[in-house]
Amino acid sequence: MGGLSQTQVYVVENVLLDARLALFHQRDQWLAIADLHYGFELSQRAAGRLVPMWGMGSASARLLSLVAEYRPRQLILVGDLVHDNTATTALRELFSRVKGCCEIIAIAGNHDRTLRRFIELRDSFVTGGFEFRHGDCENTYSQRTQIIGHFHPAATLRDGAGLRLKFPAFVQEGDCWILPAFSPWSAGTEWREREQGRVWICTPQRILPPTEKCAPAHA
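Model, not experiment: these values are computed from the prediction.

Enquirer: What is the right way to read helix 2 (residues 55–70) from this model?
Expert: Working note: α-helix, 3.6 residues per turn, so residues spaced by three or four point in the same direction. Compared with the 22 Å implied by 1.5 Å per residue over 16 residues, the 23 Å span of helix 2 between its first and last C-alpha is a close match. For helix 2, the set of buried residues is Gly55, Met56, Ala59, Ser60, Arg62, Leu63, Leu66, Val67 and Tyr70. Along helix 2, the residues classed as buried sweep out an arc of 160° about the axis, all on the same side. Positive backbone phi, at 50°, marks arginine 71, one or two positions downstream of helix 2.

Enquirer: Can you walk me through the packing of aromatic side chains in this structure?
Expert: Think of a pair of aromatic rings as described by two things: how far the centres are apart, and how the planes are tilted against each other in angle. Counted according to the given criterion, the structure contains nine aromatic pairs. Seen from their ring centres, tryptophan 30 and phenylalanine 130 are 5.6 Å apart, and the 80° between their planes marks the pair as edge-to-face. Taken together, the residues span a long stretch of sequence, with tryptophan 30 in strand 4 (residues 30–33) and phenylalanine 130 in strand 8 (residues 130–132) at a distance of 100 residues.

Enquirer: What am I meant to see in empty space enclosed by the protein here?
Expert: Unoccupied space between atoms shows up once a probe the size of one water molecule is rolled over them. Considering all chains together, one arrives at one cavity of 30 Å³ or more under this definition. Size it by volume and the largest cavity reaches roughly 30 Å³. Along its surface, the largest cavity is lined by His152, Pro153, Pro168, Pro180, Ala181, Ser186, Ala187 and Gly188. Of the residues in the lining of the largest cavity, the class split is five nonpolar, three polar and no charged.

Enquirer: Explanation requested: the side chain of serine 186 in the structure shown.
Expert: The residue serine 186 is located in the loop between strand 12 (176–178) and strand 13 (189–190) in this model. If we ignore the near neighbours within four places in the chain, the residues touching serine 186 are His37, His152 and Ala181.

What counts as what
- Residues numbered from 1 in each chain as written.
- Predicted model: local features only at pLDDT ≥ 70, side-chain atom pairs only at ≥ 80, totals over all residues.
- Heavy atoms only, no water.
- Helix = DSSP H or I, 4+ residues; strand = E, 2+ residues; numbered from the N terminus.
- Expected span 1.5 Å × (residues − 1).
- Buried < 20%, exposed > 50% of the residue type's maximum accessible area, 1.4 Å probe, protein only.
- Arc of directions from axis to C-beta.
- Phe/Tyr/Trp six-rings, centres within 6.5 Å; stacked < 30°, edge-to-face > 60°.
- 1 Å grid on protein atoms, 1.4 Å probe; cavity = no way out; pocket = protein on both sides within 12 Å on 5 of 7 lines; lining within 4 Å.
- Points joined across faces, edges and corners; volume = space filled by probe spheres on them.
- Nonpolar A, V, L, I, M, F, W, Y, C, P; charged D, E, K, R; others polar.
- Contact = heavy atoms within 4.5 Å.

Take a look at the structure:
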């Protein structure tokens, strides 16, 4: 890779945060996302709600562009791969497009209970100094950095004149890192920044570091 763009930032040595809501480890060559919630619109339509059918296309295009750009050895999906079982076939079709490029590590989330009949799921995955799990269950003690999803962290930017913009966020709290939700349907939960924590705000044009609080132009 060449120099970093405004949509990429190192959160620690060798680990890049991409504004497309993914982490990439340059040395170990893994790419991680969480809370894909694939097929949310299929679930809503099955329930009689006529939501537009753009979410899966948006998410799959973003994911495939990340895989094509970073060329990871492993794609790690940190739980809630689908919204419910209406998306099982669609998810398997997405997997078939990715499998030729890298190994897929799929971690079970609380929305994935029925997926085990169709897709190999893990409860957690360990590589190097990191342990990946969804985050919906209490963690057992580990000396590794935990990378989780589930909480859909977000942050709101204010410009002082009344403008408020809410964006997904990546959170570091000691040895626990919380990925933003990859799903375009997830508005996210406002994250209260703690004294020892760091919140990286992911706007489409650039990533705002923890010290930057004002709304960027053209965010």
